[in-house]
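# A structural walkthrough
Residues per chain are reported as follows:
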Amino acid sequence: EFSGLAKPQRDLFNQSLSTLQKQIIFCLLIGINNRKEIANTLILTTGTYISENKIKNALQVLYHSFKCSSVSQLVNLVLIGQIPFEIPANTLPPGNYLI
């Protein structure tokens, strides 16, 4: 540290997100933050059954990976660009959406 050769903190950009993690982050970004609501939303949009427990586990992995402890901290990391994010394929059914 003294010589300026300190190792940088873990680079959050090197984390690769699973499709489920991206879908959960998408739900959080649009204001769905209850595990049951996230599971129901993803079931409706993807046509695949996803349990609340699977959502809980994926959120815990996200919190651990990005060293945060709440939805608001996780969303803030996405908004400030610390977690690169793209809407995953098959998250929304085809169509036109007003933003």
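Residues numbered from 1 in each chain as written. Predicted model: local features only at pLDDT ≥ 70, side-chain atom pairs only at ≥ 80, totals over all residues. Heavy atoms only, no water.

As a further point, take the overall build of the chain. Each helix and strand in the chain was counted, giving 4 helices and 0 strands. Moving toward the C terminus, one meets the helices and strands of the chain in the order α-α-α-α. A buried classification covers 30% of the 99 residues belonging to the chain. Residue pairs at least 24 apart in sequence account for 58% of intrachain contacts in the chain once pairs closer than 6 positions are excluded. In the form shown here, the chain has an accessible surface area of approximately 7,100 Å², with 53% of it arising from carbon and sulfur atoms. (Helix = DSSP H or I, 4+ residues; strand = E, 2+ residues; numbered from the N terminus. Buried < 20%, exposed > 50% of the residue type's maximum accessible area, 1.4 Å probe, protein only. Contact = heavy atoms within 4.5 Å. Areas by Shrake-Rupley, 256 points an atom, 1.4 Å probe, with all protein chains shown as cover.)

Let's shift gears to the environment of Q23. Within the secondary structure, Q23 is located in helix α1 (residues 19-29). For Q23, a relative accessible area of 7% gives the class buried.

Moving on, we come to helix α2 (residues 35-46). With 12 residues, α2 should cover 16 Å at 1.5 Å per step; its first-to-last C-alpha distance of 16 Å lies within 8% of that length. Those residues of α2 not exposed but buried are I38, A39 and L42. Buried residues in α2, looked at end-on, bunch into an arc of 100°, giving them a common side. Tucked inside the fold, the buried residues of α2 contact α1 and α3 (52-65). By the N-cap criterion, in which a side-chain oxygen at the helix start approaches the backbone nitrogen of a residue two or three places on, α2 is capped by N34, the distance to K36 being 2.7 Å. The positive-phi residue at the C-terminal boundary of α2 is G47, with phi of around 75°. (Expected span 1.5 Å × (residues − 1). Arc of directions from axis to C-beta. Polar contact = N/O pair within 3.5 Å; in protein donor to acceptor, adjacent residues only side chain to side chain.)

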